[in-house]
Amino acid sequence: MGAYIIRRLIAMAGMLVTLSVIVFLLFSVLPADPARLVCGKSCTPSIIKAINHKFGYDQPLAVQYKEFVQGIFVGRTYGEGKAAFDCHVPCLGYSFLRNEDVTTLIKDTLPITAQLALGGFVLWILVGVSIGIVAALKRGKWQDRTIMGAALVGYSFPSFFIALLLIFFVQIKFAVLGFHSYTSFFDSPAEWFKALVLPWIAVAMLYAAFYSRLTRNQMLETLGEDYIRTARAKGLRERTVIGKHGLRAGLTPIVTAAGLDLAGLLGGALIIEQVFALPGLGRLSVDSVTTSDLPVITGTVMVAAFFIILANLVVDLLYAVIDPRVRLA
Amino acid sequence: MSDPFLQVKDLRVQFPTEDGVVSAVDGVDFAVAKNKVLAIVGESGSGKSVTSQAIMGLINRKTAKVTGEIRLDGEELLTARPEQVRSLRGKRMAMIFQDPLSSLHPFYSIGKQLVEAVNVHQDVSRSAAMQQARDMLDRVGIPNPDRRLKDYPHNLSGGMRQRVMIAMALLNNPELLIADEPTTALDVTVQAQIINLLRDLQREFGTAIILITHDLGVVADMADDVVVMYGGRVVERGSIDDIYYRPEMPYTWGLLGSVPRMDAGRNERLQPIPGQPPSLIRLPKGCVFRPRCAYHELVPGNRCDTERPDLLPVTPEHAVRCHLDPAQRREIAAERLGVATADPAMEDK
Amino acid sequence: MTAVDESNTSVVARRADALLRVEQVQKYFPITGGGLLKRKVGDVKAVESISFDVVPGETLGVVGESGCGKSTAGRTVMKLLDPTGGKIEFEGRDITHLSRKEMVPLRREMQMIFQDPYSSLNPRHTVGSIISAPFKVQGVKPTRGVQAEVQDLMARVGLNPEHYNRYPNEFSGGQRQRIGIARAIALRPKLIVCDEPVSALDVSIQAQVVNLLEDLQDEFRLAYIFIAHDLSVVRHISDRIAVMYLGRIMELAESERIYKAPLHPYTHALTSAVPLPDPRAERSRERILLHGDLPSPINPPSGCVFRTRCPKAQDRCAQEIPVLRELAPGHYGACHFPEERHLI
Ligand SMILES: Nc1ncnc2c1ncn2[C@@H]1O[C@H](COP(=O)(O)OP(=O)(O)OP(=O)(O)O)[C@@H](O)[C@H]1O
Ligand SMILES: Nc1ncnc2c1ncn2[C@@H]1O[C@H](COP(=O)(O)OP(=O)(O)O)[C@@H](O)[C@H]1O
Ligand code: SF4
Ligand code: SF4
Ligand SMILES: [Mg+2]
Ligand SMILES: [Mg+2]
């Protein structure tokens, strides 16, 4: 197990390095000239040159990459002399558009995304899995057909549409909840909750629809297994048969899906954050793409990739814990 | 036959499906006494497993229609409350299945699964249950039972897993044990071990056993009585010698003629049954075996095509479902099965 | 039979007309372990050493418990797997090291039938295209056209030629096995390796397929290597039988002798474990019960691989590997202490 984890971590590092190289190469061929973007209207070639020098854009690509990596592990210094400033470990770059280092930008936005993702995750797992189980147990009956019908509608809607519907009905038409901008939990728990509740529901609805189907199908498959018949033949009560033997095996595959989906969301819920104006990682990514803020794009891509790769490892380890047949080697 | 412990009368099981109603079991009668082994033989799809699951109350009554009578020690099970039947399952009647790997839960240790089986029916502490589990593993011939309790099903070999299944079935001293193809998935050497074990255990506990199999060798080795099923029906029923030495039903002849024998001369050609088993959705009007039967022309008046034969007794123990005249049946049997399996009753005298 | 001309007694005597000859063929599957670098940590010794030959028109049965290497042996001699060691000759030609491409023309002569009639046929191809596939692969154009030829084949194996355009899922298990057989005999091969061809079938259907295989053998003078775990079926169909245990041949003899005069303790136990469909015989029969399970092919026991379960094992068995040698004319066994009373 130990050797396995180490091997996986090494592989993970390898993947991140490869990814960062690819991102670097991709951006270097983009036509956008970062210096020109910052420098504005009254630009002269000498200013551009100065800016390029300050941020290292006049260096060969390999040197730029080396400095980027160095920044992550040992930190780096931008500019020279008096104008020089430090970017501390882990330095993911510096956004001259925002005049802020990328690490700080991510530190500010990631918690918001994380709150959105985790809240939505809890909600969708609770709702999706439980209605999936109900549908499986009532297979073919009206409960099953209603749930599955609703689920189909649920995930054939694009996410922005669900979000807009929520805003329209809850905030505008019935005015149950006013518009609330994001407030830290520590400042005002009530405001915090009001700002996040709709985004949570929007995220959860989408995933719950998918998870209810997944759960139903997994449960049905499990309930048809021979060992479920054995459990009944032992004389176990039906609730033990389903609640213990059925759920344990039926929900295992859900762990994989859930882990990866959560990781995907942590990388930024682009649309939901945009629609609900939540200043999260997703919005940061979208904004930086529209403004061609390369250092920020690179940083957010790396963070998102990190979550996905990490989730893969965590899910595999969890699986080995749940299913004794899985041997990690 | 002594007082039957289990009596099945006119059992019918129907599954409604999209293509039509599947009559998986259609009027099955038999009885098993304590200390006896009743074998149910037949090809796949003949309704053997459905019959056994109906006895155990494992058929979902919401999706299937089950009618008839099943009496366990006089108690009628089909009309009993489900909770009542559940309390008998694993206690007075237990079952083992064909594929021991898929029949054990992959995520729970052997010990957990055995203890659970004890605790459903006995109000004992966990450690007492664990002790019982250990002793039973020892009894069914599993070396190192203490270590095995901690193992998971996938850690064991096929034979060991089937022993675990047997141990699990026997934990509560059931009076009836149903074994659905218990050795089909195993190698012959392991099959011999398992059969031996079942025989020993029966001697020790006096259990009534229903042995379901398609292997006529295993039947000959273990059974006292035999029920031959075809297309969801009992087509012949009798003592083991009746079925092997005095079979009277063309399907039984076909089965016996199809199996190659280790001890016979190798140049003997097999005598297969032509055609395929019937679909259970649209059964022929007359005899279910009619499409594959070479003898229907001997029955006057096309009765094989128009009339369902009844299961009629030849002797008190031996019953046959066929329109052929009994004397004629005996003649054909003697000719088809030859001297190798001639009536031992005659030779013994 | 000719005299033994090899010095190595582990090789069976050469028969002049041998179609296929297998000498000490070995097949290992490497296993990579945990550890950081995933080094190779050992081998599954699926086939350790097998030697036998087959003459035209003959059936060689291969029996043994699950996992003893029967399928691997079959696939290796067919060159569907690359042998780790040993030598394979087909019609006197050494084919051990032929490449996949060089093997193509030889596939006309040697074919294979598989156990599972459900997974061995492509569900998206019609019966006609499945059976005619060998013609395409080999670029053979039957004089009367492919369809007429295939329909003849279908009729020959007992399928309705009108079902030419149907798909495999419209057929029962027994019929699918017939499709597999038709495909295998399409090019009139000389040798067919049948890997458990009837194991998945019901007894009555099994008998139909066995009879068909026998008829085809008579008609085309086919040689079969018939792999199965059901000893009764193997004995019925085979002229000679090779008994395998843990990747080795324990005994090789005429099938009558395997049952009536086994020289090897394993063969004896194996045949005695098969229940006869005859209650009277069963009641009076004595059975040798083997204890325990097959050891792992990764770490086979030293000396004789059977010694951990052998009722006759002695010290020598742990130290010295018994080689397969001719103990009686045409009767080979690999045991230090063969059954004396059957040695003639
Ligand atoms: N591709 C493979 N990689 C690793 N091990 C393998 C592979 N194929 C087979 N083996 C192993 O080789 C051994 C022999 O396998 P093989 O399939 O030849 O057995 P068999 O005698 O045909 O068994 P059965 O009766 O179950 O078909 C087994 O231990 C099997 O697990
Ligand atoms: N739940 C079910 N729904 C529909 N048909 C079923 C069901 N269970 C079994 N059957 C059918 O009943 C018949 C008898 O099955 P079974 O008793 O399993 O046969 P076997 O004799 O091989 O044990 C088969 O044709 C099978 O397809
Ligand atoms: S009733 Fe007729 S068709 Fe049926 S088994 Fe008897 S002879 Fe054959
Ligand atoms: S060599 Fe020894 S262990 Fe092997 S089979 Fe012969 S007697 Fe048994
Ligand atoms: Mg069955
Ligand atoms: Mg095999």
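Starting afresh in each chain, residues are numbered from 1 along the sequence in its written order. As a convention, the first chain written is A and the first ligand written is 1, with the rest following in written order. For this predicted model, a pLDDT threshold of at least 70 governs which residues receive local features, and a threshold of 80 or more governs which side-chain atom pairs are given and counted, while totals over whole chains, interfaces and linings are taken from all residues. Only hydrogens and water are removed before side-chain values are computed, so all heavy atoms of the structure are retained for them.

## Section: the pairing of strand β9 (residues 225-230) of chain B
Residues and elements named next belong to chain B.
Then comes step 1: The buried label applies to any residue whose accessible area, calculated with a 1.4 Å probe on protein chains only, is under 20% of its type's maximum; exposed applies above 50%, and partly exposed to all values in between. By the criteria applied, helices consist of DSSP H or I runs no shorter than four residues and strands consist of E runs no shorter than two, each listed in order from the N terminus. Within β9, six of the six residues are buried, leaving the element largely enclosed by the surrounding structure.
Then comes step 2: Being paired, for any two strands, means DSSP has found at least two bridges between them. Two elements, strand β3 (residues 37-41) and β9, share four bridges in a ladder whose sense is parallel. The partner of Val41 across the bridge, within β9, is Val228.
Then comes step 3: One ladder, built from six bridges, connects β9 with strand β10 (residues 233-239); its direction is antiparallel. Paired with Val228 across the bridge in β10 is Glu236.

## Section: the sheet that holds β3(B)
Residues and elements named next belong to chain B.
Then comes step 1: Taking strand neighbours across the sheet as the criterion, the eight strands line up as β6-β7-β8-β3-β9-β10-β12-β11 in an open arrangement whose pairing is mixed. In this open sheet, the two edge strands, each paired with only one partner strand, are β6 (93-96) and β11 (311-313). For this sheet, the mean angle separating the axes of adjacent strands, direction not counted, is 20 degrees.
Then comes step 2: The pairing of strand β7 (residues 176-180) with strand β8 (residues 208-213) spans five bridges and is parallel. Every angle, taken between N-to-C directions, lies between 0 and 180 degrees, and every axis is a line fitted to C-alpha atoms, over only the stretch in contact when it is a helix.

## Description of the state of the cysteines
Residues and elements named next belong to chain A.
Then comes step 1: Cysteine sulfur atoms that come within 2.5 Å of each other are treated as a disulfide pair. Counted under the stated rule, the structure contains one disulfide over all chains.
Then comes step 2: Paired by a disulfide, Cys87 and Cys91 hold their sulfur atoms 2.1 Å apart. Taking the torsion about the sulfur-sulfur bond, which here is approximately 100 degrees, the covalent link between Cys87 and Cys91 counts as right-handed.
Then comes step 3: On the basis of relative accessibility, which here comes to 2%, the residue Cys87 falls in the buried class.

## Topic: the packing of helix α5 (residues 102-137) of chain A against helix α14 (residues 294-322) of chain A
Residues and elements named next belong to chain A.
Then comes step 1: One way to put it is that α5 packs onto α14 with a least axis distance of 10 Å and a crossing angle of 55 degrees. The orientation of α5 with respect to α14, classified from their angle, is oblique. Handedness of the α5/α14 crossing: right-handed. The residues of α14 that touch α5, namely those facing Val102, Leu105, Ile106 and Leu110, are Pro295, Val296, Gly299, Thr300, Val303 and Phe307.
Then comes step 2: Residues are grouped as follows: Ala, Val, Leu, Ile, Met, Phe, Trp, Tyr, Cys and Pro are nonpolar; Asp, Glu, Lys and Arg are charged; all remaining types, including Gly, are polar. Looking at the contact of α5 with α14, its residues break down into eight nonpolar, two polar and no charged. Note on terminology: angles under 35 degrees are roughly parallel, angles over 145 are roughly antiparallel, angles of 65 to 115 are roughly perpendicular, and the others are oblique. The handedness criterion is simple: a crossing whose near helix is rotated anticlockwise from the far helix by less than a right angle is left-handed, and one whose near helix is rotated clockwise is right-handed. Contacts: residue pairs with any heavy atoms within 4.5 Å of one another.

## A short note on the interface of chain B and chain C
Then comes step 1: The partner chain C presents 45 residues to the 46 residues of chain B that form the contact.
Then comes step 2: Once two parts are brought into contact, the accessible area they lose, counted with a 1.4 Å probe and summed over both, makes up the buried area. In total, about 4000 Å² of surface goes out of reach between chain B and chain C, with carbon and sulfur atoms giving 54% of it.
Then comes step 3: Salt bridges are defined by distance alone: a side-chain nitrogen of Lys or Arg within 4 Å of a carboxyl oxygen of Asp or Glu. Summed over the shared surface of chain B and chain C, the result is five salt bridges.
Then comes step 4: For this analysis, a polar contact is any N or O atom pair within 3.5 Å, provided that within protein one partner can donate a hydrogen and the other can accept it, and provided that sequence-adjacent residues contribute only side-chain to side-chain pairs. The tally of links from chain B across to chain C stands at 17 residue pairs in polar contact (both at pLDDT 80 or more).
Then comes step 5: Within the residue set of the side of chain B that touches chain C, elements represented by two or more residues are α8 (188-205), α9 (216-222), α10 (240-245), α11 (250-258) and α14 (344-348) of chain B.
Then comes step 6: Of the residues forming the side of chain B that touches chain C, the biggest block, seven residues, is contributed by α8(B).
Then comes step 7: Of the residues belonging to the side of chain B that touches chain C, the class tally is 23 nonpolar, 12 polar and 11 charged.

## Examining the packing of aromatic side chains
Then comes step 1: Paired rings are identified among Phe, Tyr and Trp, the last through its six-membered ring, by centres lying within 6.5 Å, and are further divided according to the angle between planes into stacked (under 30 degrees), edge-to-face (over 60) and tilted (the rest). All told, the structure shown has 22 aromatic pairs over all chains when counted by the stated rule.
Then comes step 2: Aromatic pair Phe121(A) and Trp124(A): ring centres 5.2 Å apart, planes at 85 degrees, arrangement edge-to-face. In this pair, Phe121(A) and Trp124(A) are both assigned in helix α5, three residues apart and thus about one turn of the helix distant.
Then comes step 3: Ring geometry for Trp253(B) versus Tyr295(B): centroids 5.3 Å apart, planes at 90 degrees, classification edge-to-face.

## Some remarks on the site of ligand 1
All names here are of chain C.
Then comes step 1: Nearness here has a simple test: a residue counts as near a molecule or strand if at least one of its heavy atoms is within 4 Å of that partner. Near ligand 1 there are 13 residues, and of these Ser66, Gly67, Lys70, Ser71 and Thr72 occur at the shortest range.
Then comes step 2: At 2.5 Å from an oxygen atom of ligand 1 is found a side-chain nitrogen or oxygen belonging to Thr72.
Then comes step 3: Methods summary: accessible areas were calculated by the Shrake-Rupley approach with a probe of 1.4 Å, and residue burial reflects only the protein chains presented. Surface burial for ligand 1 is 61%, taken as the share of its 640 Å² of free accessible area covered by protein chains.
Then comes step 4: Put simply, the parts of the chain that give the shell around ligand 1 at least two residues each are β2 (40-54) and α1 (70-77).
Then comes step 5: A total of three residues in the shell around ligand 1 trace back to one element, the largest contributor, which is α1.

## Some points on the side chain of Ser204(C)
Then comes step 1: Note on placement: Ser204(C) falls in helix α6 (residues 203-220).
Then comes step 2: Within the structure, the side chain of Ser204(C) is placed 2.6 Å from the side chain of Glu43(B), a separation counted as a polar contact.
Then comes step 3: With sequence-adjacent residues up to four places away left out, Ser204(C) is seen in contact with Glu43(B), Ser258(B), Pro272(B), Ile273(B) and Arg292(B).

## Some points on the domain arrangement of chain B
Residues and elements named next belong to chain B.
Then comes step 1: What marks off one domain from the next here is an automatic or database domain assignment. Considered domain by domain, chain B is made up of domain 1 (6-223) and domain 2 (229-348).
Then comes step 2: For domain 1 versus domain 2, the distance between C-alpha centres works out to 29 Å.
Then comes step 3: Residue-level contacts link 26 residues of domain 1 with 20 residues of domain 2.
Then comes step 4: Interface area for domain 1 against domain 2, summed over the two sides, is near 1700 Å², with a carbon-plus-sulfur share of 58%.
Then comes step 5: A per-residue breakdown of the area domain 1 buries against domain 2 is headed by Asp26, Glu43 and Leu216, which together make up 32% of the total.
Then comes step 6: Scanning the region where domain 1 abuts domain 2 turns up two salt bridges.
Then comes step 7: Salt-bridge contacts for Arg292 lead to Glu43; the nearest nitrogen and oxygen are separated by 3.4 Å.
Then comes step 8: Put simply, domain 1 and domain 2 have 10 residue pairs in polar contact (both at pLDDT 80 or more) between them.
Then comes step 9: Where the side of domain 1 that touches domain 2 is concerned, the elements lending two or more residues are β2 (20-33), β3, α1 (48-55) and α9.
Then comes step 10: Ranked by residues supplied to the side of domain 1 that touches domain 2, first place goes to β2 with 11 residues.
Then comes step 11: The residue inventory of the side of domain 1 that touches domain 2, partitioned by class, reads 12 nonpolar, nine polar and five charged.

## Quick word on helix α4 (residues 146-156) of chain C
All names here are of chain C.
Then comes step 1: Looking at α4, one finds that the buried residues are Glu149, Val150, Leu153 and Met154. Summarising the axial view, the buried residues of α4 lie within an arc of 140 degrees, below the 170-degree limit, and thus occupy one face.
Then comes step 2: Residues of α4 that are buried sit in contact with α3 (127-138) and α5 (173-185).
Then comes step 3: Phi turns positive one or two residues past the end of α4, at Gly158, with a value near 85 degrees. Throughout, the arc means that of the directions going from the helix axis to the C-beta atoms.

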